[in-house]
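Listed here are the chains, written in short residue letters.
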Amino acid sequence: MSAISCEDAQRRLFAHLDRALADEDVEALETHLEACLECCDRLEFSRRLDSFVRSRLGEASLPPGLEERVHRALAVVAPPSEEP
Amino acid sequence: MAVRLATKRAALGPEGVMDRRGFEERALPHLRALYGLALRLTGDASAAEDLVQETYLKGLQAFVTLRDPDRVRPWLFQILSRLVTDRHRASGREVPLETPEDLDRFSLYDRIADEDPLPYSDRLHEDFLAQFRDEDVRRALVRIPEAYRVPLVLVYVEGLSYRELADFLGCPIGTVMSRLHRGRKALERELWDCALRRGFIKGEKS
């Protein structure tokens, strides 16, 4: 396994956070992180930023009347079939 | 049991094809999730409601083509995301994506460290982020190019994997990876611009 540069490591940080790196890429990144404090800090910041954004997006509450509105719209384009 | 059988029959049309009621039974439980996605993609409650309604109408028309009705949720998400993309193109508001190299070079981590806007903080990067309001983050997300925003929101809001996103967007995993990378970079830059506008940073306005 070849050593990777800081630039290569930084290019892989987001995919690492998303658990989308292949095993050999994870290994190469982790080897680099063991020796590079700055890339460790960058990874930690990216992780914090991701978690910060997710928490700020939060859950959207359903607007009152939307379900009824969708029901009505669907009923217009395709009337309910007869009950058997 | 009789009620359950009647419900099942009612969900099937004459040819065994799902009709409106069958569609509603399967699709409407995902209304809130769809609205959440629409809101994060558009940043506007009224536009999000319109988008959700249109998604359901398109979904109903195409429901017979869905091979696995148990996958109705990702399928509805896909319809909604495509509507966002199509509308954006049709509106002519699509701004050309800046060169990926420019975006790749941007680093919020470096900007914060270079400007050092909170000189007395011993947790500079963390304290910098804490200044943003929820609304700042939502607006920043809406401002990034749509090609990056859609996959990013799907990861943040729905937690889709890269494989799922590749299927969803109809592109190779490598493309998903680069869009998510640049999407995050674009989001970092929007947050930096927001910090400049809101005066967290006293430096040059660039």
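Note that residues are indexed from 1 along each chain, following the sequence as it is written. For this description, chains carry letters from A and ligands carry numbers from 1, given in the order in which they are written. pLDDT decides what is reported in this predicted model: residues at 70 or higher carry local features, side-chain atom pairs at 80 or more are listed and counted, and totals for whole chains, interfaces and linings draw on all residues regardless. Each side-chain value is worked out from all heavy atoms of the structure, with water and hydrogens disregarded.

### Observations concerning the packing of aromatic side chains
Thinking step 1. Here is the rule: rings of Phe, Tyr and Trp (six-membered ring for Trp) pair when centre to centre is within 6.5 Å. Planes less than 30 degrees apart are stacked, more than 60 are edge-to-face, and the remainder are tilted. This model, assessed by the stated rule, comprises nine aromatic pairs over all chains.
Thinking step 2. Feature note: the residues A:Phe52, B:Phe128, B:Phe132, B:Trp192 and B:Phe200 constitute an aromatic cluster, connected by ring pairs.

### Remarks on empty space enclosed by the protein
Thinking step 1. Cavities and pockets are found on a 1 Å grid laid over the protein atoms alone: a cavity is a set of points where a 1.4 Å probe fits but cannot escape, a pocket is an open set with protein on both sides within 12 Å along at least five of seven lines, and a lining residue has an atom within 4 Å of such a point. Grid points are joined across faces, edges and corners, and a volume is the space filled by probe spheres set on the points. Applying the stated criterion across every chain yields a total of one cavity of 30 Å³ or more.
Thinking step 2. Within this model, the largest cavity holds a volume of roughly 40 Å³.
Thinking step 3. Taken together, A:Phe14, A:Ser46, A:Leu49, A:Asp50, B:Tyr156, B:Arg184, B:Leu187 and B:Glu188 make up the lining of the largest cavity.
Thinking step 4. Looking at the lining of the largest cavity, the elements with two or more residues in it are α3 (37–57) of chain A together with α12 (173–197) of chain B. Helix and strand assignments come from DSSP, with helices taken as H or I runs of at least 4 residues and strands as E runs of at least 2, each series counted from the N terminus.

### With respect to the layout of surface pockets
Thinking step 1. Its volume calculated, the largest pocket comes out at about 600 Å³.
Thinking step 2. The wall of the largest pocket is formed by 29 residues, among which A:Gln10, A:Arg11, B:Asp104, B:His181 and B:Lys185 lie closest to the centre.
Thinking step 3. Listing elements by their share of the lining of the largest pocket, those giving two or more residues are α1 (6–17) and α3 of chain A together with α6 (100–105), α7 (108–115) and α12 of chain B.
Thinking step 4. For the lining of the largest pocket, the element with the highest residue contribution is α12(B), accounting for nine residues.
Thinking step 5. Basically, the charged four are Asp, Glu, Lys and Arg, the nonpolar ten are Ala, Val, Leu, Ile, Met, Phe, Trp, Tyr, Cys and Pro, and anything else, Gly included, counts as polar. Looking at the lining of the largest pocket residue by residue, the class counts come to ten nonpolar, six polar and 13 charged.

In short, shape yes, function no, at least from these values alone.
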